[in-house]
Amino acid sequence: MGLMSETVVQTVIPAAAAVGIMFALLQWFLVSKVSVSGGSREKENLMGDEEEDADDDAVVLKCAEIQSAISVGATSFLFTEYKYLGIFTVVFGAIIFLFLGSVKGFSTESEPCTYSKDILCKPALANAAFSTIAFLLGAVTSVLSGFLGMKIATFANARTTLEARKGVGRAFITAFRSGAVMGFLLAANGLLVLYISINVFRLYYGDDWEGLYESITGYGLGGSSMALFGRVGGGIYTKAADVGADLVGKVERNIPEDDPRNPAVIADNVGDNVGDIAGMGSDLFGSYAESSCAALFVASISSFGISHDFAGMSYPLIISSMGIVVCLITTLFATDFFEIKTVKEIEPSLKRQLLISTILMTIGIAIVSFVALPSQFTLFNFGSEKIVKNWHLFFCVSIGLWAGLAIGYSTEYYTSNAYSPVQDVADSCRTGAATNVIFGLALGYKSVIVPIFAIAVAIFVSFSLAAMYGIAVAALGMLSTIATGLAIDAYGPISDNAGGIAEMAGMSHRIRERTDALDAAGNTTAAIGKGFAIGSAALVSLALFGAFVSRAGLKSVDALTPKVFIGLIVGAMLPYWFSAMTMKSVGSAALKMVEEVRRQFNTIPGLMEGRTKPDYATCVKISTDASLKEMIPPGALVILTPLIIGTFFGVETLAGVLAGSLVSGVQVAISASNTGGAWDNAKKYIEAGASEHARSLGPKGSDPHKAAVIGDTIGDPLKDTSGPSLNILIKLMAVESLVFAPFFATHGGLLFKWL
């Protein structure tokens with residue numbers, strides 16, 4: 001046994017979750033102190049450097065009005081989306097119950113365990129019931145993560161704008177704190193619900209830990225299936241509006257981004273909240289839930305589970321608890337220890353967050369590994385036992401953590417306009433949109449190299465040290481600093497919205513420059529966030545794949561057998577099919593949006609002169625309807641593939657499909673995200689005109705700038721719809737196969753049985 005008793009573990013985990021929630025509420029309270037109602041108190045707070053904004057109250061009121069429009073739009077969209085998801089959850093929950101219940105013909109008799117045949121375990125029917133409950137819990141937590149994130153973001157966007165009047169540092173802290181609220185709530189909620197579920201399920205399962213942790217895998221499935229629809233639906237929503245607004249507004253009408261005359265502008269800002277915030281929240285929660293579930297499942301069939309060592313068993317949860325504490329300290333570095341004075345300090349400060357959290361977390365992992373784990377134990381390794389020492393696991397988790405940092409930094413290099421790759425893309429705009437597109441695509445493909453090597457090293461080291469469990473905890477290591485990762489990530493859309501509000505409220509050019517600087521840094525951090533999500537998805541899926549292979553009773557997967565090879569090649573095709581669906585959805589929704597925006601400009605008298613208001617509601621409706629209708633086919637593709645292949649072709653072919661989709665999905669996802677991010681920042685680089693080179697390409701409205709806008713518009717669906725949704729495709733298919741593995745192992749492969 002390790003040094004920690006079960007009682008200590010049972011206190012530490014909920015305590016860490018409680019600390020996370022308290023800290024999130026504290027940050028929220030600090031953000032709420034920025035007043036969004038006008039009044040004399042604001043006047044005194046304005047620092048000396050702001051002499052303009054004489055009609056100050058009018059500006060504040062205008063900000064509040066825009067904020068409420070965005071909030072109402074986002075809330076109503078999410079409620080509509082959740083109505084559809086509610087129906088899906090009930091139906092899919094029933095499918096889980098029926099499929100898993102039928103494994104032993106719905107019998108309520110105890111039966112020999114899958115791995116230790118000499119002990120009796122709870123019936124398969126119990127596994128069916130509890131997997132369904134875990135699935136529902138995961139789904140609810142995932143939806144809640146996204147919804148709370150959206151609420152906080154729409155609460156903070158106007159406050160960031162108003163703080164920008166007092167200086168860039170104040171605005172940065174407001175946006176960052178709000179991101180932290182989301183990060184900590186999500187990390188703490190995910191941990192707490194998982195912890196409570198395990199303890200409640202134990203009341204029934206008692207000593208049958210194998211059955212207990214197998215049914216807990218439903219939690220990951222629930223989290224990711226909601227994330228899939230949230231990501232795809234939100235991504236289609238935000239990009240239809242964005243592409244429509246940009247093409248007509250910037251390219252045809254030559255009006256600035258977020259100009260209040262543009263009918264699609266509210267829909268565009270709502271989209272940032274439902275896609276980048278709610279979607280991202282659900283997505284990272286899904287990764288977190290699955291890596292925990294994969295690690296717990298593999299541990300339950302190892303010596304931890306067999307000898308009922310609760311502290312060793314809860315190692316993944318204790319790592320996450322340590323992560324919350326580490327991220328709390330890291331956050332203080334950005335908000336309290338260092339003050340940001342100039343625009344140049346924004347990006348370094350966000351990068352420092354990644355580095356500080358990684359260094360502190362490495363120390364944290366060392367402490368947890370030596371306190372919670374026995375000095376030596378055995379881990380399940382496809383039918384054999386592998387002897388592992390506690391420092392092996394320290395290396396597994398750390399290598400995942402540092403691989404995450406490597407992916408983050410490499411992403412930053414390829415998407416930030418401070419470095420040559422993006423500047424080269426911007427430079428290629430001289431000769432028009434075509435060269436811009438060629439350079440951007442090349443950059444995306446090239447940006448895959450470093451992350452893949454980082455993932456490969458992490459896989460090799462962790463698998464060599466601790467078999468499949470090593471990979472699962474490496475994924476957890478990458479996600480252990482999730483609270484900081486999400487804070488950095490949510491910061492992006494909040495700043496983006498703040499800039500939009502500043503433009504719509506007609507604030508001065510100087511304030512718009514500050515919010516633009518916050519937003520450009522936010523673009524890069526969003527790309528870093530996506531890098532993390534994709535990297536962790538690759539490791540999580542591999543761990544789930546290993547768990548699936550062991551649960552389905554396969555000793556090994558041989559790529560030379562035709563059954564497996566056809567699976568590989570079909571699996572590798574799926575990310576392309578999926579991307580085609582999501583890209584086309586964005587394209588067709590954007591087409592409707594462009595037509596509507598053009599119609600309003602052409603038929604509403606006085607719109608271009610700013611005498612009348614555009615009809616924002618119609619544009620919001622176009623985005624909403626399109627995204628709800630279009631999220632169903634890609635979602636169905638991902639959800640149905642494992643069911644159909646497992647049932648008709650059996651577990652070997654399904655293993656091939658999972659491996660194929662993992663290998664090709666990671667490449668497509670990284671290149672799509674980084675290409676889009678680079679095009680976006682190349683456009684911002686030209687607009688900001690901060691260097692001699694950038695000024696030679698500008699100003700806004702010049703030919704190179706128009707070419708950059710076209711690149712940015714092509715990149716939108718790549719970076720915000722297809723790319724980020726692909727990591728969910730990889731994870732979701734793997735976790736779904738794991739949950740349904742008992743069914744596939746018993747009844748699967750119908751076609752090959754008939755042949």
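Keep in mind it's a predicted model, so treat the numbers as computed, not measured.

**Topic: the overall build of the protein**
Moving on, step 1. Secondary structure summary: the protein contains 24 helices and four strands in total.
Moving on, step 2. Its C-alpha radius of gyration of 25 Å places the protein within 12% of the 27 Å reference for a compact globule of 755 residues.
Moving on, step 3. Out of the 755 residues in the protein, the part that is buried amounts to 65%.
Moving on, step 4. In the protein, of all internal contacts separated by at least 6 residues, the share reaching a separation of at least 24 is 84%.
Moving on, step 5. Of the accessible surface of the protein, which amounts to about 25100 Å², a share of 69% is contributed by carbon and sulfur atoms.

**Notes on helix α16 (residues 482-504)**
Moving on, step 1. Helix length check: α16, at 23 residues, gives a terminal C-alpha distance of 33 Å against a target of 33 Å (1.5 Å per residue), a fit within 8%.
Moving on, step 2. Counting buried positions along α16 yields 20 of 23 residues, so the element is predominantly enclosed.

**As for the packing of helix α3 (residues 56-101) against helix α19 (residues 616-630)**
Moving on, step 1. Direction vectors running N to C along α3 and α19 enclose 20°, while the axes themselves pass 11 Å from each other. In terms of their interaxial angle, α3 and α19 are classed as roughly parallel. The two elements α3 and α19 meet at a crossing, and its hand is right-handed. Residue-level contacts link Phe77, Thr80, Glu81 and Tyr84 of α3 to Thr624, Ser627 and Leu628 of α19.
Moving on, step 2. A per-class count over the contact of α3 with α19 returns three nonpolar, three polar and one charged.

**Quick look at the packing of helix α4 (residues 124-163) against helix α5 (residues 168-205)**
Moving on, step 1. In contact at an axis separation of 9 Å, α4 and α5 are set at 165° when each is read in the N-to-C sense. One element, α4, and the other, α5, form an angle in the roughly antiparallel class. Seen along the crossing, α4 lies across α5 with a hand that is right-handed.
Moving on, step 2. Split by residue class, the contact of α4 with α5 holds 19 nonpolar, 10 polar and three charged.

**Brief notes about the environment of alanine 311**
Moving on, step 1. With respect to the helices and strands, alanine 311 occurs in helix α9 (residues 310-313).
Moving on, step 2. A sequence separation of 61 residues divides alanine 311 from alanine 372, and the C-alpha atoms of the two residues are 5.6 Å apart.
Moving on, step 3. Excluding residues within four positions of it along the chain, alanine 311 makes contact with Met4, Val9, Ile318 and Ala372.

**Here's the deal with unusual backbone geometry**
Moving on, step 1. Backbone geometry at histidine 308 places phi at a positive 55°, although glycine is not the residue there.
Moving on, step 2. A relative accessible area of 31% means that histidine 308 is categorised as partly exposed.

**Considering the side chain of threonine 713**
Moving on, step 1. The residue threonine 713 is located in helix α23 (residues 703-747) in this model.
Moving on, step 2. There is a polar contact of 2.6 Å between the side chain of threonine 713 and the backbone oxygen of valine 709.
Moving on, step 3. If near-sequence neighbours (up to four positions away) are discounted, threonine 713 is found in contact with Val243, Asp246 and Leu247.

**Comments concerning the environment of leucine 296**
Moving on, step 1. With respect to the element layout, leucine 296 can be found in helix α7 (residues 265-300).
Moving on, step 2. What makes leucine 296 buried here is its relative accessible area of 1%.
Moving on, step 3. Setting aside residues no more than four positions away along its own chain, leucine 296 makes contact with Leu194, Ile198, Tyr213, Met313 and Pro316.

**Side note on the packing of aromatic side chains**
Moving on, step 1. In the structure shown here, the tally under the stated rule is 30 aromatic pairs.
Moving on, step 2. Ring centres of phenylalanine 88 and phenylalanine 92 lie 5.4 Å apart, and the angle between their planes is 15°; on these two criteria the pair is classed as stacked. Here phenylalanine 88 and its partner phenylalanine 92 are both found in helix α3, four residues apart, which amounts to about one turn of the helix.
Moving on, step 3. Judged by relative accessible area, phenylalanine 92 falls into the buried class, the value being 2%.
Moving on, step 4. Ring centres of tyrosine 204 and tyrosine 205 lie 5.2 Å apart, and the angle between their planes is 80°; this geometry places the pair in the edge-to-face category.
Moving on, step 5. When its relative accessible area of 34% is taken as the criterion, tyrosine 204 is described as partly exposed.
Moving on, step 6. Its relative accessible area of 2% is what places tyrosine 205 among the buried residues.
Moving on, step 7. In this structure an aromatic cluster arises from ring pairing among Phe88, Phe92, Phe99, Phe135, Phe229, Phe740, Phe743 and Phe744.
Moving on, step 8. A cation over an aromatic ring shows up here: arginine 159 above the ring of phenylalanine 155, its NZ or CZ 3.9 Å from the ring centre.

**Observations regarding helix α6 (residues 209-252)**
Moving on, step 1. The end-to-end C-alpha distance of α6 is 63 Å, a good match for the 64 Å that 44 residues give at a rise of 1.5 Å each.
Moving on, step 2. At aspartate 246, α6 shows its largest bend, some 25°.
Moving on, step 3. By the criterion of burial, α6 is predominantly enclosed, with 41 of the 44 residues buried.
Moving on, step 4. Trailing α6 by a residue or two, asparagine 254 shows a phi angle of about 60°, which is positive.

**Side note on a nonpolar patch on the surface**
Moving on, step 1. A cluster of nonpolar side chains, contributed by Phe565, Ile566, Ile569, Val570, Met573 and Trp577, occupies part of the molecular surface with about 550 Å² of accessible area.
Moving on, step 2. Along the chain, isoleucine 566 falls in helix α18 (residues 562-603).
Moving on, step 3. Isoleucine 566 gets classed as partly exposed once you look at its relative accessible area, which sits at 40%.

**Looking at the pattern of salt bridges**
Moving on, step 1. Summed over the entire model, instances satisfying the criterion amount to 35 salt bridges.
Moving on, step 2. Note that glutamate 163 and lysine 166 form a salt bridge whose closest N and O atoms lie 2.8 Å from each other.
Moving on, step 3. Across the salt bridge formed by aspartate 680 and lysine 719, the nearest N and O atoms sit 3.3 Å from each other. Of this pair, aspartate 680 sits in helix α21 (residues 651-688) while lysine 719 sits in helix α23, and the two are 39 residues apart along the sequence.
Moving on, step 4. A relative accessible area of 5% means that lysine 719 is categorised as buried.

**Here's the deal with the environment of lysine 584**
Moving on, step 1. Looking at the secondary structure, you find lysine 584 in helix α18.
Moving on, step 2. By relative accessible area, lysine 584 is classed as exposed at 65%.
Moving on, step 3. Expressed as a C-alpha distance, the spacing of lysine 584 and alanine 688, which sit 104 residues apart in the sequence, is 32 Å.

**Let's talk about the nonpolar core**
Moving on, step 1. Counting residues in hydrophobic clusters, the biggest one holds 226 residues, and the most contacted among them are Tyr315, Ile346, Tyr469 and Phe548.
Moving on, step 2. In contact with phenylalanine 548, other than residues within four places in its own chain, are Val651, Leu654, Ala655, Leu658, Ser737, Leu738 and Ala741.

**Some remarks on the side chain of serine 215**
Moving on, step 1. By secondary structure assignment, the location of serine 215 is in helix α6.
Moving on, step 2. Each residue touching serine 215, except ones within four places of it in the same chain, is listed here: Asn127, Phe130, Ser131, Ala134, Phe201 and Tyr205.

**A word on the confidence of the model for the protein**
Moving on, step 1. Confidence in the prediction for the protein averages 88 pLDDT; 97% of positions are at 70 or higher.
Moving on, step 2. Here helix α2 (residues 40-45) stands out as the least confident element of the protein, with mean pLDDT 44; helix α14 (residues 433-446) is the most confident, with 95.
Moving on, step 3. Below a pLDDT of 50 lies the segment residues 40-53, which in the model reaches 24 contacts outside its immediate sequence neighbourhood of four places, other chains included.

Calculation rules
Residues numbered from 1 in each chain as written. Predicted model: local features only at pLDDT ≥ 70, side-chain atom pairs only at ≥ 80, totals over all residues. Heavy atoms only, no water. Helix = DSSP H or I, 4+ residues; strand = E, 2+ residues; numbered from the N terminus. Rg over C-alpha atoms; globule rule 2.2 N^0.38 Å. Buried < 20%, exposed > 50% of the residue type's maximum accessible area, 1.4 Å probe, protein only. Contact = heavy atoms within 4.5 Å. Areas by Shrake-Rupley, 256 points an atom, 1.4 Å probe, with all protein chains shown as cover. Expected span 1.5 Å × (residues − 1). Axes fitted to C-alpha atoms, helices over the stretch in contact; angles between N-to-C directions. Parallel < 35°, antiparallel > 145°, perpendicular 65-115°, else oblique. Left-handed = near helix turned anticlockwise from the far one by under 90°. Nonpolar A, V, L, I, M, F, W, Y, C, P; charged D, E, K, R; others polar. Polar contact = N/O pair within 3.5 Å; in protein donor to acceptor, adjacent residues only side chain to side chain. Phe/Tyr/Trp six-rings, centres within 6.5 Å; stacked < 30°, edge-to-face > 60°. Lys NZ or Arg CZ within 6 Å of the ring centre and 35° of its normal. Bend = angle between axes of the 7 residues up to and from the residue. Patch = residues over 30% accessible without salt bridge, like charges linked within 9 Å, V, L, I, M, F, W, Y side chains within 5 Å. Salt bridge = Lys/Arg side-chain N within 4 Å of Asp/Glu carboxyl O. Core = buried A, V, L, I, M, F, W, Y, C linked by side-chain atoms within 4.5 Å. pLDDT = per-residue confidence, 0-100.

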